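Chains, contacts and geometry: an overview
Take a look at the letters that make up each chain.
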Amino acid sequence: PRKHLIYSGTTGIIAAATTPYYGGGMRLFPYARLFPEKLQLRLGRISPLTGFFNIPSIFEGSYREKGERTFGCLDFVGKDFEVEVRSAR
């Protein structure tokens, strides 16, 4: 299978799921289960303060923050993802 790079850069969280709910009713993966036999991959880059101020929309799965040069979260749906993590430390 051919590989395609979908993102390169920094992120605060990388998570994947086949079910929309994380825990306590938090709909962290709103696109999971929309397509049979696929999963949702989510990359998040929000600050703790931004997260705090957006708890309701994050909890219900509707949070989106996209700027021209930055993003709050990126969502992908697919069958197979490969994640490579590198540390600058």
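This text follows the structure it describes.
As the structure is a computational prediction, the values presented were derived from the model and not from experiment.

Thoughts on the sheet that holds strand β3 (residues 73-78)
One open sheet accounts for three strands, arranged β1-β2-β3; its pairing is antiparallel. Strand pairing shows two members of the sheet lacking a second neighbour, β1 (13-17) and β3, which therefore form its edges. Strand-to-strand, the axes of this sheet are offset by a mean angle of 15°, without reference to chain direction. The pairing of strand β2 (residues 39-44) with β3 spans six bridges and is classified as antiparallel. The residue bridging L39 from the neighbouring strand is G78, located in β3.

Some points on the environment of T50
Looking at where T50 falls in the secondary structure, it is placed in helix α1 (residues 48-53). Given the relative accessible area of 22%, T50 is considered partly exposed. Once the C-alpha coordinates of T50 and G72 are considered, the two residues, 22 residues apart in sequence, prove to be 9.2 Å apart. Not counting chain neighbours up to four residues away, the residues in contact with T50 comprise Y63 and E65. Of the polar contacts made by the side chain of T50, one reaches the side chain of S47; its length is 3.0 Å.

Side note on the packing of aromatic side chains
Two measures describe an aromatic ring pair: the distance that separates the ring centres and the angle between the ring planes. Counted by the stated rule, this structure contains one aromatic pair. Taking the centre distance of 5.5 Å and the plane angle of 70° together, the rings of F52 and F53 count as edge-to-face. With respect to class, F52 is no different from F53; both count as exposed.

Remarks on the pairing of β2
The buried fraction of β2 is high, at five of six residues. The pairing of β1 with β2 spans five bridges and is antiparallel. Across the sheet, residue A16 finds its bridge partner in β2, namely L41.

As for the side chain of Q40
Mapping Q40 onto the fold places it in strand β2. A residue is classified by how much of its surface remains accessible, and Q40, at 0% relative accessible area, is buried. A polar side-chain atom of Q40 sits 2.7 Å from the main-chain amide nitrogen of Y31. Excluding residues that lie within four positions of it along the chain, Q40 makes contacts with A15, A16, A17, L28, F29, P30, Y31, A32, D75, F76 and V77.

Cut-offs applied
- Going along each chain's sequence as written, the residues are numbered from 1 onward.
- In keeping with the predicted nature of the model, local features appear solely for residues at pLDDT of at least 70, side-chain atom pairs appear and are counted solely at 80 or more, and the whole-chain, interface and lining totals rest on all residues.
- The side-chain quantities take in all heavy atoms of the structure and omit both hydrogens and water.
- Strands are treated as partners if at least two bridges between them are detected by DSSP.
- Secondary structure elements follow DSSP: runs of H or I of four or more residues count as helices, runs of E of two or more count as strands, with numbering from the N terminus.
- Angles shown run from 0 to 180 degrees and are taken between the N-to-C directions of axes, each axis being a line fitted to C-alpha atoms and, for helices, limited to the stretch in contact.
- Throughout, exposure labels follow a simple rule: accessible area from a 1.4 Å probe, protein chains only, divided by the maximum for the residue type, with under 20% read as buried, over 50% as exposed, and the rest as partly exposed.
- Should any heavy atoms of two residues lie within 4.5 Å, those residues are counted as being in contact.
- Pairs of N or O atoms are called polar contacts if they sit within 3.5 Å, as long as, within protein, a hydrogen donor faces a hydrogen acceptor (for residues adjacent in sequence, only side-chain-to-side-chain pairs).
- Put simply, two rings from Phe, Tyr or Trp (the six-membered ring, in Trp's case) pair if the centres are within 6.5 Å, and we call them stacked under 30 degrees between planes, edge-to-face over 60, tilted for the rest.

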